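Residue-level structure breakdown
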Amino acid sequence: MKEDALIKNISKYVTLTPEEILIFKSFWTEKTLEKGDYLLRNGDVCRYDNYVVSGLLKAFYINSENGNEEILYFSIDDWWATDLDSFSRQKASIYNIQALEKTILLQINHHSFQKLLVKIPQLERYFRLILEGYLVALQKRIIYNNIYDAEHRYFDFLETYPNIASKVPQYLIASYLGISAEFISRLRKKNKSS
């Protein structure tokens, strides 16, 4: 079952009893996105928290000044893809989430998510730890963008996220890092010749 991947992820942080696992599984539904499909569009409310069983998604917004797509994050297997602000407050999202390849998700709606946390209280700990990990990564990204040059950021990305770097087109990595795709091409060429 697809839920087994999520149960395995959760078991890294908290232990669920067999009864809790059965309860837990009953709350989730499966969704498949084809390449190019949107999970969320700017202006829509994020109704679901989404666990990526397999696939690849990008979260992005369109810069109103220059029309460029600005990448906020990528989500791959065993990660989450959700607009936390929109989901938790049930308000309109300011960005989009789109599949870069066929993607299988497990989803839980906002109301069911709240019920699940009441039924299995230790999941509060799991989701807090996941959120802490996300915040640490976000802080690191802010610090790196403020103090490191583009070359350092690029090579750190390759080292930190090799599974993403191997699947995502260069121009999207450039957008995520706030640099040009041409700059990455020059770096790669320079690295090959060294």
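Structural data are supplied above this passage.
Sequence order as written defines residue numbering, which begins from 1 separately in each chain. For this predicted model, a pLDDT threshold of at least 70 governs which residues receive local features, and a threshold of 80 or more governs which side-chain atom pairs are given and counted, while totals over whole chains, interfaces and linings are taken from all residues. Excluding hydrogens and water, the side-chain values take into account all heavy atoms of the structure.

Notes on the overall build of the protein chain
Inclusion rule: Comment: elements are numbered from the N terminus, with helices defined as DSSP H or I runs of at least four residues and strands as E runs of at least two. The buried label goes to any residue with under 20% of its type's maximum accessible area, the exposed label to any with over 50%, and the partly exposed label to all in between, with areas taken from a 1.4 Å probe on protein chains only. Throughout, a contact is declared for two residues whenever any of their heavy atoms are within 4.5 Å. In short, Shrake-Rupley with a 1.4 Å probe defines the accessible areas, and a residue's cover is counted only from the protein chains shown. Only four residue types enter the tally: Lys and Arg on the positive side, Asp and Glu on the negative side, with His and both chain ends excluded. Every charge is mapped to an atom, namely NZ of Lys, CZ of Arg, CG of Asp or CD of Glu.
Per the secondary structure count, the protein chain includes nine helices and seven strands. Each principal axis of the C-alpha atoms in the protein chain carries an extent, and together these give about 60 × 35 × 30 Å. Residues classed as buried in the protein chain amount to 41% of the 194 residues present. Excluding contacts between residues fewer than 6 apart, the proportion of contacts in the protein chain whose partners are at least 24 apart in sequence is 71%. Total accessible area on the protein chain is roughly 11,000 Å²; 52% of this is exposed by carbon and sulfur atoms. The positive charge centre, built from 25 side chains, and the negative charge centre, built from 24, are 2 Å apart in the protein chain.

Thoughts on the pairing of strand β4 (residues 56-62)
The condition is simple: Two strands qualify as a pair provided DSSP detects at least 2 bridges between them.
Of all seven residues making up β4, five are buried, and the element is well covered by its neighbours. Across seven bridges, the pairing between β4 and strand β5 (residues 69-76) is antiparallel. If you follow Leu 57 over to β5, its bridge partner there is Ser 75. Hairpin connection, β4 to β5: the antiparallel pair is bridged by six residues, and Gly 67 has positive phi, about 80 degrees.

Details of the side chain of Arg 141
Test applied: Each salt bridge in this description consists of a side-chain nitrogen of Lys or Arg and a carboxyl oxygen of Asp or Glu lying within 4 Å of one another. Polar contacts, as counted here, are pairs of nitrogen or oxygen atoms within 3.5 Å of one another; within protein the pair requires one atom able to donate a hydrogen and one able to accept it, and residues that are adjacent in sequence qualify only if both atoms are side-chain atoms.
Position of Arg 141 relative to the elements: it lies in helix α5 (residues 123-147). This buried residue, Arg 141, is left without a salt bridge; Glu 70 holds the nearest opposite charge, at 7.3 Å. At 3.3 Å, the side chain of Arg 141 and the backbone oxygen of Ile 71 are in polar contact.

Regarding a nonpolar patch on the surface
This is how the line gets drawn: Like-charged residues within 9 Å of one another, or nonpolar side chains (Val, Leu, Ile, Met, Phe, Trp, Tyr) within 5 Å, are grouped into patches, provided each residue has over 30% relative accessible area and no salt bridge.
Taken together, the side chains of Leu 84, Leu 131, Tyr 134, Leu 135, Leu 138 and Ile 142 define a hydrophobic patch exposed on the protein surface, amounting to about 490 Å² of accessible area. Per element, the largest residue contribution to the nonpolar patch is five residues, and it comes from α5. Mapping Ile 142 onto the fold places it in helix α5.

Notes on the packing of aromatic side chains
For clarity, the cut-off: Only rings of Phe, Tyr and Trp enter the pairing, Trp through its six-membered ring, and a pair is recorded when the two centres are within 6.5 Å. The plane angle decides the type: under 30 degrees is stacked, over 60 is edge-to-face, the rest tilted.
In this structure the tally under the stated criterion is 16 aromatic pairs. Ring geometry for Trp 80 against Phe 127: centres 5.5 Å apart, planes inclined by 65 degrees, an arrangement best described as edge-to-face. Of the two residues, Trp 80 is situated in the loop between β5 and α3 (84-89) and Phe 127 in helix α5; the sequence distance between them amounts to 47 residues. When its relative accessible area of 16% is taken as the criterion, Trp 80 is described as buried. When the centroid spacing of 4.6 Å and the interplanar angle of 65 degrees are considered together, the rings of Tyr 144 and Tyr 148 count as edge-to-face.

A word on the nonpolar core
The criterion, for reference: Definition used in this section: a nonpolar core is a set of buried Ala, Val, Leu, Ile, Met, Phe, Trp, Tyr and Cys residues joined via side-chain atoms within 4.5 Å.
Counting residues in hydrophobic clusters, the biggest one holds 35 residues, and the most contacted among them are Leu 6, Phe 24, Trp 28, Leu 57, Ile 97 and Leu 123. Counting residues per element, the ones that place at least two in this core are α1 (3-11), β2 (38-40), β3 (48-54), β4, β6 (96-99), β7 (103-109), α4 (110-119) and α5. Considering every element that reaches this core, the biggest residue donor is β7, with four residues. Excluding anything up to four places from it in sequence, Leu 123 contacts Ile 10, Leu 16, Phe 24, Leu 116 and Leu 117. Of all hydrophobic cores here, the second largest spans 19 residues; its members include Ile 71, Tyr 154, Tyr 176 and Leu 177.

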